[in-house]
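# Results of the structural survey
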Amino acid sequence: MAVAPDAQFQRLWPTLFMSLVLPGSENANSVLTELLLQADDEAEDLTVRYLDQDIFQNPHPAVGWLRQCCVRAVLDYAVEAGLDYRPDFDVQAWVNINRRGDYHNLHNHPHAWLSGTYYVAMPEQPPAGHRTDLNPGAISFFDPRAQVNMTAVRGDGQFDPEIRRLPKAGELFLWPSFLHHFVHPNLSDSPRISISFNAVLRRKELS
Ligand SMILES: [Fe+2]
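Keep in mind the model is a prediction, meaning the values are calculated, not measured.

## A word on the coordination of the iron ion
Coordination of the iron ion by the protein involves His107 (NE2), His109 (NE2) and His181 (NE2), with metal-donor separations of 2.1 to 2.2 Å. Here the donor residues of the iron ion are spaced in sequence according to H-x1-H-x71-H. Taken together, the residues His107 in strand E3 (residues 104-107) and His181 in strand E8 (residues 181-183) connect sequence positions 74 residues apart. Look at His107 and you get partly exposed, because its relative accessible area is 26%.

## Here's the deal with the packing of aromatic side chains
Enumeration according to the criterion identifies eight aromatic pairs in this entry. Judged by centre distance (5.2 Å) and plane angle (65°), the ring pair of Phe17 and Phe173 falls under edge-to-face. With Phe17 in the segment before strand E1 (18-21) and Phe173 in strand E7 (residues 171-176), the pair connects residues that are 156 residues apart, well separated along the chain. According to the relative accessible area criterion, Phe17 is partly exposed, its value standing at 29%. In this structure Phe173 comes out as buried when scored by relative accessible area, which is 0%. Ring geometry for Trp65 versus Tyr118: centroids 6.0 Å apart, planes at 80°, classification edge-to-face. With Trp65 in helix H2 (residues 61-81) and Tyr118 in strand E4 (residues 114-121), this residue pair connects regions lying 53 residues apart in the sequence. Look at Tyr118 and you get buried, because its relative accessible area is 0%. A connected cluster of aromatic rings, assembled from ring pairs, spans Phe17, Tyr119, Phe141, Phe173 and Trp175.

## Considerations on the sheet that holds E7
Strand order in the open sheet made by the five strands is E1-E7-E4-E9-E2, with antiparallel pairing throughout. Each end of this open sheet is capped by a strand with a single partner; those strands are E1 and strand E2 (89-98). Within the sheet, the average angular offset between the axes of one strand and its neighbour, ignoring direction, is 20°. Packing against the sheet, helix H1 (residues 25-42) makes contact with E1, E2, E4 and strand E9 (192-201), and its axis sits at approximately 95° to E4. Where H2 meets the sheet, its contacts fall on E1, E2, E4, E7 and E9, and the angle it forms with E7 comes to roughly 45°.

Scoring rules and cut-offs
- Residues numbered from 1 in each chain as written.
- Predicted model: local features only at pLDDT ≥ 70, side-chain atom pairs only at ≥ 80, totals over all residues.
- Heavy atoms only, no water.
- Donors = N, O, S within 2.8 Å, 3.2 Å for Na, K, Ca; no water.
- Helix = DSSP H or I, 4+ residues; strand = E, 2+ residues; numbered from the N terminus.
- Buried < 20%, exposed > 50% of the residue type's maximum accessible area, 1.4 Å probe, protein only.
- Phe/Tyr/Trp six-rings, centres within 6.5 Å; stacked < 30°, edge-to-face > 60°.
- Pairing = 2+ DSSP bridges.
- Axes fitted to C-alpha atoms, helices over the stretch in contact; angles between N-to-C directions.
- Contact = heavy atoms within 4.5 Å.

If you want it as structure tokens, here you go:
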């Protein structure tokens, strides 16, 4: 059936999600893995105390490379989101080391504009056992418009309230900080290692 030629369409309230594989990630990841595991050995509850740290302050060149990539991704995201100005922001990052059984409960990142994760080590997950509904190592994002799927119809793009991705080492994900997400348990004996960050808009003081 042809659509009326003068009909106009506009998608409202977009939720933009970005992913990319960072060039050079293979070399960087082996260095970062060693660095982060050592940091985890030296600090108590490194993954839990995410607000107390900014791994981007570490002077190691591999960390500097990653920080630059994250800043670039935020700027690219801003262009795609339609901003016609360069946003002024800081990035703050923390380390996630999920050993066997570890996961991150449903949450979002208050007081930030964009949030992202770079995947340093993503171990292969063991084959599913008696449960076929597990998604070890994956991350799920949930439709921020509460219960909108209740009135969705198949094919309209609003049917599934959960978007799930199994990241690859070297991938960077970026999303609006209000978006709720859940990191599924790591069922591998090897650690699942990532670095998450917030892009926080800088406040301009009144002069
Ligand atoms: Fe998170």
